[in-house]
Each structure stands twice: as C-alpha cells, then as structure tokens.
Amino acid sequence: MSGRARGPEPQTIFDVSAPGRRASSVAQPAGSPAEGLIPPGLRRASPPRLPEVSELDLVRHYTRLSQRNWAIDVGVYPLGSCTMKYNPKVHEDVAGLPGFRNIHPWQPADQVQGALQLLWEMEQYLAELTGMARVTFQPAAGAQGELTGLLIMRAHHTATEGHPRSVVLIPDSAHGTNPASVALGGYKVRQIPSDERGLVDLAALEAALDPSVAGLMLTNPNTLGLFETDIERIAAALHRSGGLLYFDGANFNAILGKVRPGDMGFDIVHMNTHKTFTTPHGGGGPGSGPVAVSARLAQYLPSPVVGYDEAANRWFWDTDRPQSIGRLHGFHGNFGVVVRAYTYLRSLGGEGLVRIAERAVLNANYLRALVREAYPEAHPGTCMHEFVCTAKPLRAKGVRAMDVAKRLIDLGFHPPTVYFPLVVEEAMMVEPTETESRESLDALAAALLQIAGEASSDPELLHEAPVTAPVGRLDEARAARRLHVRWEPGSPWLDE
C-alpha cells in the first residue's frame, strides 16, 4: 500500500459558514438610500444566501482547494498530446506590464503602436517557423483555429471552383477535435486508416481522393508519436486532386526549428500556443490558436490583419480585405496570450527553439526505453515527442490501462492519456515534454514499473486506486450524463 490515507472530504464554502461571521464590514450609510433608488418591483424579497465566514476561514478554504489541483507546478504531468510543460514565470511579468495590460482593442492604432508592432513581429516569427506567408491571431484556441482553417478551405474552393467541395479526409488516429471541426465547417468526414507502421495508409488515401475532397487534416508527428515519412507523397496526391493539406499543429513542438510544415507541402497550419510556446494551459482559457496560410490563401484570413507602412514606419489594422472569411473573434484575439508566446520566442532564440524539439524527442524516447518491457509500444521503434504503449499484457491479470492511470495518482504523478488513440487497445499515450529532468523521468518510470509488478502481486490494490485522493474512482459516464455545474443547496444529488 502507499501508506497514505485518503484526505478529508471536500467542503464547500457554505459548509464552513456560521451565522453572523464576517471577513470584513462596510459602514452603514445614513438612511436607506437603496430603497429610494431601486424600484420596489426590482428588489429581492429576501437576502441572497451567501456564505458567512471569517477572513481566516476564507483563506484556508481557497488554499485547500488550490492544493487539490494537480498542476505542472506541482509535479510531472505526462498527458499525451496535451504537452503539459512548464511555463516560465517571466512570461507573466511581461504580459502584466502596464503598456500591455492597460490598453484596449478599441483604442486608435496610433495609441497602440507597440502592441501592433509586437503582433507584426510575432507574425513574422510564426511565418518563418511554419514556412507560411501570413498569420491571424484571432482564433481564441486551437479548436477555433481548426474551424478558421476549414472556413478558409471553403472560401478557397468556392472562389476557384464555384463550390466548396463536400468532404474532408481525416486519419483514424486523428485528434477528436478534427471531425468536430469538419462538421462545424459544413463538411463530411471520410476516414483514412493507418497502416501497419502506424502511418497514413497511402494506398487508402489515394483511393479516397476524388473531386469532392476539399482537403486532408493531418497531425505530423501523428497522435501515435510517429513522423509521417510519406508526407511529400501525401501532399503531392492531395494537390493533384485539387485538395488542400491542413496541418494540425498540436504536435508542432516535436519539429520546432527542424522542419517546416510549409516545406512539407502543407497549405494551412494552426498552432496551439500553450503546447508549442508555453502559455497558460488548462482551466478553459483564455487561449490562442494562430492560423498561418500559404500566400495563395492569405486573402481569405479573418479581417482585420496587422499591416505595416514602411514609409511612415507605423503599424495599422488592414480592413480592406474583400475576400476575407470575416471575423472569428470579437476583437483581435487574446492579446495577453500572444505576449506570453512572444516572450517565450524572444527569450529562447532560434537555437533554443531547436533544443526544445530535440529534448522533447530525447525525453520521450528515454522514458519509452525504460518502460517498454512492461508496457510494449503500439508501434516499436524511435518515437517523436510522445509515445503510445499498451497495458494489454496486464489484462490477463485483470488490470487495465485505467487501473494503471489511477494508481499513478497514489504514487504522486498525473496519469498519461489513456484509451487514445482509439486504434490501440489499452492505449497509454505518454508525453513527458522537454521541461522534465532525467531524475523526474526516472521516478515516473519507477512508478510505472512498480504498478506493473503490483498487477501480479496485488491487482486488487490497482482496482481500488486512487486511495490517497480526496475522492476515489468516479462514475465518469454518470458524471457526464448528469452534469451539475454549480452547488445547489439541499439537492438530493449531494448525498448520492
């Protein structure tokens, strides 16, 4: 056993409330001005139910809550495909500078020249890294970047052929957002199988190409952690049929500074700034999913884009874009996130960016080699920044990938992604990232190997895990189907 007991049951702020207790007090105004200012029909019939706590109660409550959250600042977070890497704190300092923090997107361009210059320079950096011509920062996240790219794809085919085409191809190992974005973009999905190498089946791809195909969405390296070595033949096949090649940039950190999507033949690229360049990750945002396109597609980018008048040495919003797909964001994207990514790029420089890719791949292969006897790779051989292994050998002992993931929580690690990609039985998708040390990787490997041993000696222990978390194993399907997103006092589900 781990030797640790489960923590106390979580409490809401209302559980520590006591009538009359206060964290602060407000001086009572003379008379009752509120009664005179608010019409009777708009006044509450009774006071709102609010927690009554002291300042100490309040501080302890939220401190306890913060300590129940796992974060990259707490420990290793090898969640495959999500790239949970460390965010240097200097990014926050720069984004919080008054000149960035206090400006507003409605200010005239002449008052925010520094911000426009930053966006312009960031666009040049991303264009260079991707091998593309122009970039938009409007998408508020990677998934919205996917939709943006697909709308650009529609605009291109409509402008050149008179109709948008109707089908987008997606490999069977693709991220789940890809088919969802295709549907939002008004297209139908046609799935392409992987071959025995874990790569796109080239023969199946060529057989699927016809005049209805608008494009192919592809991640490279793919979600099996493998580089698509046939990428040039894939791009040529797409372009022969008039289709466009879309780069899902979720795994861009694996090739940063090594090879450019544009040089591989991609036409549209979306990036996840939190995965590639480190910006705040998780919590629902704010995010940023810049989209870069080749020169022939630049006219369709969301409007406006940043322009630069070299003669006047000033930056401006270019709104004269008649073939633009329109706006994807109320303003110009989440500027503060772009500032963080810009800081990351400037602090590392070109050589530093190359080392990111090298160390991400080195760390993944180091960890893969340490655990492969217990957890065989889905496709043996060198991986890129992440690897997919399987817990299938443990199934004979009644242990599954989910049991391994839950037991890792007891041992002090966030679990890897499990049961994805869907094409691998008992999949465990592990991405250690470039920011973990060798000591951290050794400790994670030791925990995984300990669990493999426990599968033989004490499988019931794994079935009961986690035993040290505030709550045990949840009925995730039931939680998703009967979702309660706010506390409801007295509701029967509180006692279920």
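Calculation notes
- Residues numbered from 1 in each chain as written.
- Predicted model: local features only at pLDDT ≥ 70, side-chain atom pairs only at ≥ 80, totals over all residues.
- Heavy atoms only, no water.
- Helix = DSSP H or I, 4+ residues; strand = E, 2+ residues; numbered from the N terminus.
- Polar contact = N/O pair within 3.5 Å; in protein donor to acceptor, adjacent residues only side chain to side chain.
- Contact = heavy atoms within 4.5 Å.
- Buried < 20%, exposed > 50% of the residue type's maximum accessible area, 1.4 Å probe, protein only.
- Arc of directions from axis to C-beta.
- Axes fitted to C-alpha atoms, helices over the stretch in contact; angles between N-to-C directions.
- Parallel < 35°, antiparallel > 145°, perpendicular 65-115°, else oblique.
- Left-handed = near helix turned anticlockwise from the far one by under 90°.
- Pairing = 2+ DSSP bridges.
- Patch = residues over 30% accessible without salt bridge, like charges linked within 9 Å, V, L, I, M, F, W, Y side chains within 5 Å.
- Areas by Shrake-Rupley, 256 points an atom, 1.4 Å probe, with all protein chains shown as cover.
- Salt bridge = Lys/Arg side-chain N within 4 Å of Asp/Glu carboxyl O.

K.L.:
Got a sec to walk through the side chain of Thr-433? Specific residues and values, please.
P.N.:
Tracing the sequence through the fold places Thr-433 in the loop between β12 (427-430) and α14 (438-457). Only 3.1 Å separates the side chain of Thr-433 from the side chain of Thr-435, close enough to count as a polar contact. Other than its neighbours up to four places away in sequence, Thr-433 contacts Thr-83, Met-84, Lys-85, Ala-360 and Asn-363.

K.L.:
Explain helix α9 (residues 231-240) residue by residue, including any values.
P.N.:
Turning to α9, its buried residues number three or more, namely Ile-231, Ile-234, Ala-235, Ala-237 and Leu-238. Viewed end-on, α9 has its buried residues packed into an arc of 165°, placing them on one side of the element. Turned more than 90 degrees away from the buried face of α9, the exposed residues are Glu-232, Arg-233 and Arg-240. Structurally, α9 contributes buried residues whose contacts are with α8 (202-208), β4 (213-219), β5 (244-249) and α10 (261-264). One or two steps after α9, the chain reaches Gly-242, where phi turns positive at roughly 85°.

K.L.:
Describe the packing of helix α5 (residues 113-130) against helix α12 (residues 335-371), with residues and values.
P.N.:
Put simply, α5 and α12 touch, their axes get as near as 10 Å, and they point 50° apart. On the basis of the axis angle, α5 is oblique to α12. For the element pair α5 and α12, the recorded crossing hand is left-handed. Between α5, through Ala-115, Leu-118, Leu-119, Glu-121, Met-122, Tyr-125, Leu-126 and Leu-129, and α12, the contact on the second element is made entirely by Phe-335, Val-338, Val-339, Ala-341, Tyr-342, Leu-345, Arg-346 and Leu-353.

K.L.:
So what's going on with the sheet that holds β12? Residues and values would help.
P.N.:
Hydrogen bonds along the backbone pair up the strands of a sheet, which may run parallel or antiparallel. In spatial order, the strands read β10-β12-β11; together these 3 strands make up an open sheet with antiparallel pairing. Since the sheet does not close on itself, it has two edges, and those belong to β10 (387-390) and β11 (417-418), each with one partner. Here 2 bridges tie β11 to β12, and the two strands are oriented antiparallel to one another. Looking at β12, one finds that Thr-417 is bridged to Met-429.

K.L.:
With reference to specific residues and values, describe the pairing of β12.
P.N.:
Burial along β12 is two-sided: Ala-427 and Met-429 facing one way and Met-428 and Val-430 facing the other are all buried. As paired strands, β10 and β12 are joined by 4 bridges and run antiparallel to one another. Bridge pairing in β12 places Val-388 opposite Met-429.

K.L.:
Before we move on, could you go through a nonpolar patch on the surface and cite the residues and values that matter?
P.N.:
A surface patch of nonpolar side chains, amounting to about 350 Å² of accessible area, comprises Leu-37, Ile-38 and Leu-42. Secondary-structure assignment places Ile-38 in the loop between α1 (33-37) and α2 (55-67). Judged by its relative accessible area of 38%, Ile-38 falls in the partly exposed class.

K.L.:
Describe the side chain of Gln-138, naming the residues involved and giving the relevant values.
P.N.:
When you line up the elements, Gln-138 lands in the loop between β1 (134-136) and α6 (142-161). Of note is the side chain of Gln-138, whose polar atom sits 3.0 Å from the backbone oxygen of Ser-303. Within polar-contact distance, the side chain of Gln-138 engages the backbone nitrogen of Leu-328 at 2.8 Å. In this view, Gln-138 contacts Gln-144, Pro-302, Ser-303, Pro-304, Arg-327, Leu-328, His-329, Phe-331, His-332 and Gly-333; residues no more than four positions away in its chain are not counted.

K.L.:
Any details on the sheet that holds β1? Residues and values, ideally.
P.N.:
Read from one edge of the open sheet, 7 strands run β1-β7-β6-β5-β4-β2-β3, paired in mixed fashion. Each edge of the open sheet is held by one strand with a lone partner, namely β1 and β3 (188-192). Averaged over all neighbouring strand pairs, the angle between strand axes comes to 25°, with direction disregarded. Two strands pair when backbone bridges link them, and β5 and strand β6 (residues 268-271) are joined in this way by 4 bridges, in the parallel orientation. Each residue of the ladder has a partner; that of Asp-248, found in β6, is His-270. In the packing of helix α7 (residues 177-184) onto the sheet, contacts are made with β2 (167-171), β3, β4 and β5, and the angle to β2 comes to roughly 175°. Against the sheet, α9 makes contact with β4 and β5, and its axis sits at roughly 135° relative to β5, the strand it touches most.

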